[in-house]
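Coordinate inspection notes
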Amino acid sequence: MKSGLAQPMSVLGIEIGDVHTRGHLFDIVENSYRLIASSSAPTTSFYPILDIGDAIYEVLSRIQEICGRTLIEKSGELILPALPTGDGVDQFYITTSCFSSLQVVAVGLLNDVSLDSARKLCNATYANLLESIGINDRRSYSQQLDTLLTIRPDLVIFTGGTDGGASRSLLRTAELVSTALQLLPRGTRPQILYCGNQVLSAQLKDVFERYTTVRSAPNIRPSFEGENLEPALTELDALVMEKMNEEIGGLKRTSPLCTTPPQLKNQGFMRMIKFLGRQYDPLKGVLGLDVGMNYSMAAYSNDRVSILNTFNFGIGSGLEAFLRKGDIKDISRWLTFPVPDTVVSDALWNRSLFPLSVAATKEEIAIEQAVLRQMLQAMMIDLESREIMPSLRFEPIVLSGCTVSHVADPVRSLLLALDGIQPLGISPLILDKHSLLPLLGTIAAHNSLLAVQLLESTAFSNLATVVNITSKTRAGSPLLYARLDYADGNSFEVEVKQGSIISLPLAPGATGLLRLRLTSRAEIEELALIREPIKVQGGVCGVVVDARGRPIVLPEDQGRRIELLKEWEFLLGAA
Amino acid sequence: MNAQLTQINPLTLIHRNRLLPVPGSVNVREGQRVAPEDIVAEASIPARHYLVDVVRALSAKTLSAAEKMITRKPGEVLQKNDIIAETGGLFSRVIRTPGEGRVVSVNKGRVLIEAESTRIKMQAGLAGKVTQVIPERGATIQCYGALIQGVWGNALLGCGPLTTDYESLSGELKTSAIGVTSRGAVLAGGTCSEAFLAAAAQEKIGGLILGSISSSLISTALELPYALIILSGFGDHGMDELSRSLLATYIGRDVSINAVKWNRLTGDRPEVYIPLEGEAHAYEEQAMYTSGQTVRLQTGAYAGRIGRIESLLPGVTLLPSGLRAAAARVVFGENLREIIPLSNLDVIFSNDRFIGAPDEGGVLWH
């Protein structure tokens, strides 16, 4: 009996990804929402099917088989709301990232001011900033014009000028955009998002509207120091959703069935990280990372600030963008077996051609995990450059997407995360085993109870509590003694040497007291922590002390490097 | 589970849309026969402009004074050294055009001139008949012939007589294979080196078909002046035996290459067309994985190899990587059997013209 809840509901969530469509059925078990069944199928919004319906049908058919409940009628319609027999569902949600990003040119005044804010605006969603044009641009007017004409973007973000500030430069820049709009054939003209000096908003909107559709938002840089991205981001997301509705076949037909309109995946993800950010230590903040097939997301939030970056790279078709920017040696250095760089490069380029393919051998999955490490590093570097996070101490770090699904062994998942993120301090690492976070964020807007209860369920598992120690001591020197006192009175003590990583067993759900006793030659961050025992949560990999230093430096020599990487895996008990 | 399909099809009905990215003019009519290099549609996109600031150049004191000096109107076509503006009077100073162009706008004492426009020319890409004209955008072209779908292309079109031999198709193309007969010809081989790519460019070949290529040559390939299509992926595994056999059959015949980038959303895919006499049905574009299908492996140690699904395994299978996936037992040649995830298989569709398990080098269709 569904008791104890005001409105017990069965909920179906569908995530339409670039490669896979995933379905999750939630319902109430013993007064609490639980994940009942999940399934996935290749996304069918691509040629030749061009409709999401086929994949959703396949997913629902499999979920029906798993849970023995009928969700679709013989006619193929979803049973909505649920019947007294328990068949069907009461709520239906869709989240998606299965579309191409908006191609954007930013036009503004100063590179370090308004155009920098425009760049951050694009980074926050599925927008690819191709070009920025400002008043310090050394190109001539005609060259800037030609650039706009050649790129033919989907959108021009027009910004610049503090509110009430100088307007002449902005009007000159507007003339450039207006000329480009006139020269481009109808049907190929970009839309305009005006988010600059508000004094000129109405005037410039009138000018641009003669040629194209204009959206406006409050100034993203209302003062020299102040930044206000949120309202413009809402407009930008609305444009992305327009594109999403145009590109994804069958979405318009399916939308009316949804409890809330389909949402962008990154919005749902951010909503959950923001929620978690308000629950945990405000001095640390919550970090969420999701590497997808085409896009990836990094989100940070504490009780004061939050930030979301969406990256145009991933482990599927998004690999091409990543490989073009990086050096293959940075990826192959993480491999625990000798392999020529060309083989690594060929394997990854093939993966970009065949995003549905699965790593079948140990070597193939190791190459994927190597590139995942580099992607996490790139995401962290970008997040740090935003200068919003007070430190690299997080509580907790939540891993979602391919960082979870492309790793079969929890120890390798842990090493992958630590190598990529390289956090400081004490961080619990949580695995979003079914990549539910974005969907929960979408559902939370209407059914927050489900999202909260799922976070506390076994759909999320504590991978480990990691104590990260930095020291300038020589590699191999004794650094500290770590003792873990268990609730049953037993304890486990181990010596930790500089450059090593060790695990102290502590089962998921259990707690213990960790005591760190430094040797005289060692230094440690968060000195206060060592005076008193630290209460730690258990995890699949227990409690981990990472004394490899920050940043992690790998030997240049391939033989020594492989030996070291293998040693770290061995110390943690990798399968 | 829906299968991923690739055509290595000896004879099928092919129809392809050839559309401009922007509105333009269509040069063909329904029923017209076209050659691969024929321009089906074309459009003009403004590409290079220059701005003449008359106020500054002629030191006009006011905007209205400058505008009086301007002698041109929007739309006027200019030749090199034509006068754009002049001060007038006994010692008149003038501004002349640096080159040919067209006046786009005259505004606030400034003249914007379009010096150059890019002409987008949409070639037919394959020899066939125009079956439909799409106003302002292009046409649909239809033909019967052999079709080989690839996985990567350098975004160019190419055509010419197929010039190769079975040895080259089986291995690496050597620069020594390039000669005077290569000019304008489409070459084909298992794989090749950077030196070969460069030598082929010098000889102005019509196009290049490769089984595979090292990913380290991608940047070079994107700069080539000729169309390059990769049939099965990156690496040194060369060309699969089905593509090899099909191409070997048509040495000397005219082939076309559309080395477009693979777009999963639209279905546009790099392809090789060999127009043939005879008629056939259109090929299937959807199928489920079933036993008996001929498949090509996408990745891993067997990348590019052709096999046959012996049986589909029930449920999901634990792979050596530790991941679980729906899989099949695939047989290569006579005795080699491997468990392969279905997601790593391309079903090779051939209008049922391939018979039995493929053998090295054999002709595989009726």
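Here the structure is shown first, and the text comes after it.
Before going into details, it helps to say that this report is about the structure given with it. In this text the structure is predicted, and so the values were computed from the model without any measurement.

Some words on the interface of chain B and chain A
Accessible area lost on assembly of the parts is the figure often given for the size of an interface. Facing the 42 residues of chain B at the interface are 35 residues of chain A. When residues of the side of chain B that touches chain A are traced back to their parent elements, those giving at least two are β4 (39-53), β8 (101-107), β18 (227-234) and β26 (336-341) of chain B. Ranked by residue count, the leading element in the side of chain B that touches chain A is β4(B), at six residues. The residue makeup of the side of chain B that touches chain A, split by class, is 20 nonpolar, 19 polar and three charged.

Here's the deal with the sheet that holds strand β18 (residues 491-497) of chain A
Residues and elements named next belong to chain A. Taken in spatial order, the four strands line up as β18-β17-β20-β21 in an open sheet, and their pairing is antiparallel. Sheet topology places β18 and β21 (534-537) at the edges, where each strand pairs with a single neighbour. Going from strand to strand, the sheet's axes swing by 30° on average, the running direction of each strand aside. Relative to β18, strand β17 (residues 478-486) runs antiparallel, the two being bridged by seven bridges. Counted as the bridge partner of L480 is V496 from β18.

Some words on the packing of helix α3 (residues 141-151) of chain A against helix α4 (residues 168-183) of chain A
All names here are of chain A. Look at α3 against α4: their axes get within 10 Å of each other, and the N-to-C directions meet at 50°. Taken together, the axes of α3 and α4 lie oblique to each other. You can see that α3 and α4 cross each other, and the crossing is right-handed. From α3, Y141, Q144, L145, L148 and L149 reach across to α4, where they touch L176, T179, A180 and L183. Residues that form the contact of α3 with α4 fall into these classes: seven nonpolar, two polar and no charged.

Thoughts on the nonpolar core
Of all hydrophobic cores here, the largest spans 256 residues; its most connected members are A:L121, A:I157, A:L193, A:L414, A:L454, B:I209 and B:I257. The leading source of residues in this core is helix α12 (residues 362-385) of chain A, at nine residues. The contacts of A:L121, once residues within four sequence positions are left out, are A:I157, A:I220, A:L229, A:A232, A:L233 and A:L236. Listed in part, the 17 residues of the second largest apolar core include B:Y50, B:M69, B:L112 and B:I113.

Things to note about helix α11 (residues 341-353) of chain A
Three- or four-residue spacings in an α-helix give side chains the same orientation, since the helix completes a turn every 3.6 residues. Compared with an ideal rise of 1.5 Å per residue, which puts 13 residues at 18 Å, α11(A) spans 19 Å between its outermost C-alpha atoms and is within 8% of the ideal. Across the 13 residues of α11(A), ten count as buried, placing the element largely inside the fold. Taken residue by residue, α11(A) has A:V344, A:S345, A:D346, A:A347, A:L348, A:W349, A:N350, A:R351, A:S352 and A:L353 as its buried positions. Among the structural elements, α9 (319-325), α10 (328-332) and α12 of chain A together with β12 (152-153) and β18 of chain B are those in contact with the buried residues of α11(A).

Here we look at the pairing of strand β19 (residues 254-258) of chain B
All names here are of chain B. Most of β19 sits out of view: four of its five residues are buried. Bridge analysis of strand β13 (residues 157-163) against β19 gives five bridges, and the strand direction is antiparallel. Residue G160 lies in a different strand from β19, and its bridge partner there is V255. Taken together, the three bridges between β19 and strand β20 (residues 271-275) define a ladder with antiparallel strand orientation. Looking at β20, one finds that N258 is bridged to E271.

Rules used in this analysis
Residues numbered from 1 in each chain as written. Chains lettered and ligands numbered in written order. Predicted model: local features only at pLDDT ≥ 70, side-chain atom pairs only at ≥ 80, totals over all residues. Contact = placed C-beta atoms within 7 Å. Helix = DSSP H or I, 4+ residues; strand = E, 2+ residues; numbered from the N terminus. Nonpolar A, V, L, I, M, F, W, Y, C, P; charged D, E, K, R; others polar. Pairing = 2+ DSSP bridges. Axes fitted to C-alpha atoms, helices over the stretch in contact; angles between N-to-C directions. Parallel < 35°, antiparallel > 145°, perpendicular 65-115°, else oblique. Left-handed = near helix turned anticlockwise from the far one by under 90°. Core = buried A, V, L, I, M, F, W, Y, C linked by C-beta atoms within 7 Å. Buried ≥ 20, exposed ≤ 12 C-beta atoms within 10 Å, placed from the backbone. Expected span 1.5 Å × (residues − 1).

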